[in-house]
Amino acid sequence: MIKTIKIILAGVATAAMGLQSCSSTSAGEEKAPEKQAEVQAFLLTEGALSDTLSIPGELVAFQHVDLFAKVSSFVKKLYVDVGSEVRAGQLLAVMEAPELNAQSEGAQSRMQSQEAVYLASKATYDRLLETSKTPGTISQNDLDVARARQQSDYAQYQAAKAALKEVHDNRNYLEIRAPFSGVITARNVSAGAYVGPGAGSVPMFTLQEQKKLRLVVNLPESNAGVLDQNGAVRFTVKSLPGQQFTAKTSRVSGALDNRLRAQHVEMDVLNADKKLLPGMIPEVQIPLQAGKEASFVIPGSALLNSSQGIYVIKVVSGKTVWVPVQTGVQTAGKVAVYGDLHTNDTLITRVTEEVRNGAPVDGKVTLQ
């Protein structure tokens, strides 16, 4: 019985010593001073960023045309084929339409007939006019009627001449000539084929100018405002690895496409050796510049992209202030921002949404 009491007492003593030890440890921890966190920040400075945008483009012929037959006819002879280089005005094909010969002869006969009628009425009027100089010989009414007949016959004669010219012009359409110098890239007819105007007609030839190309790029809306319109661009094509080509910005649409929400930009490319072909999809490096307005350059970690908008966090009188900003060019971990900012403003380097707007800065602000 005595042994049991001793064990219990010993256990109580041990527990009391343990509680005293825990109490001492807790008291010691409470007395240890907390280490104050440092807040990294930087002073804002004005600057500008330039960047290069990599975007796919398209090479197209500087001039491209499909050549159709103007009149219904049969192909008599072809002088070019696919791949033929042609000069402006060169004869490409000749057609034949026998009915045009008959039309030409008929128009020629009608013109000659109207010419004879006009010459007769003119001679009549001239004689009456000469006779009317003797008073009382010719009435004024007879003279006016003769003059009106002459004018009517002259108008008919001119109409016949115009009809004959129309037939001759149609005969000229039986020859297909190149409107500019280039390369025939397609031939869709052969000798003897029937060609002519109509909804279902196909072009006889496709002609492209390839010694000069257009590099077409659709610049996204986010970069449209910072395009260097006087700068040169570089591009590469997959079929010629290791080779780099240059072009200069030549034409800018000045508006965004309603479907793509992009700006149409064209660059002229000299291609005298014809290494580049229309239809190629090059990778284009377009230099971008910051806008004309003053901007501030900050590290990307200082930009807060929240559900409410885009902000930077400024330290003012020991408190945080969220400042809404707009972004510009971004490159190499830097970003150009625009907003209610001033030189030498103190901005927090690394921001999160946990840093609330208007909260006191908990820690020492260390400038980098």
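Quick caveat: nothing in here was measured; it's all calculated off a predicted structure.

Break down the overall build of the protein for me, citing the residues and quoting the values.
The helix and strand tally for the protein stands at 4 helices and 21 strands. Here the analysis covers contacts within the protein between residues at least 6 apart in sequence; of these, 75% occur between residues at least 24 apart.

Lay out the confidence of the model for the protein in plain terms, naming residues and giving numbers.
Across the protein, pLDDT averages 83, with 85% of residues at or above 70. Every residue in residues 1-36 is under pLDDT 50, and counting partners more than four places away or in other chains gives 2 contacts.

Break down unusual backbone geometry for me, with residues and values.
At Arg-261, a position not held by glycine, the phi torsion is positive, near 55°. Looking at the element boundaries, Arg-261 is found in the loop between β12 (245-256) and β13 (262-270). For Arg-261, a relative accessible area of 41% corresponds to the partly exposed category. Look at Ser-317: it is not a glycine, yet its phi comes out positive at around 55°. Inspection of the secondary structure puts Ser-317 in the loop between β17 (309-316) and β18 (319-331).

Describe the side chain of Asn-271, and please don't skip the residues or the numbers.
Positionally, Asn-271 belongs in the loop between β13 and β14 (283-289). Polar side-chain contacts of Asn-271 include one of 2.8 Å to the backbone oxygen of Leu-276. Not counting the four nearest positions on each side in its chain, Asn-271 is found in contact with Gln-210, Lys-211, Lys-212, Leu-213 and Leu-276.

Conventions used here
- Residues numbered from 1 in each chain as written.
- Predicted model: local features only at pLDDT ≥ 70, side-chain atom pairs only at ≥ 80, totals over all residues.
- Heavy atoms only, no water.
- Helix = DSSP H or I, 4+ residues; strand = E, 2+ residues; numbered from the N terminus.
- Contact = heavy atoms within 4.5 Å.
- pLDDT = per-residue confidence, 0-100.
- Buried < 20%, exposed > 50% of the residue type's maximum accessible area, 1.4 Å probe, protein only.
- Polar contact = N/O pair within 3.5 Å; in protein donor to acceptor, adjacent residues only side chain to side chain.

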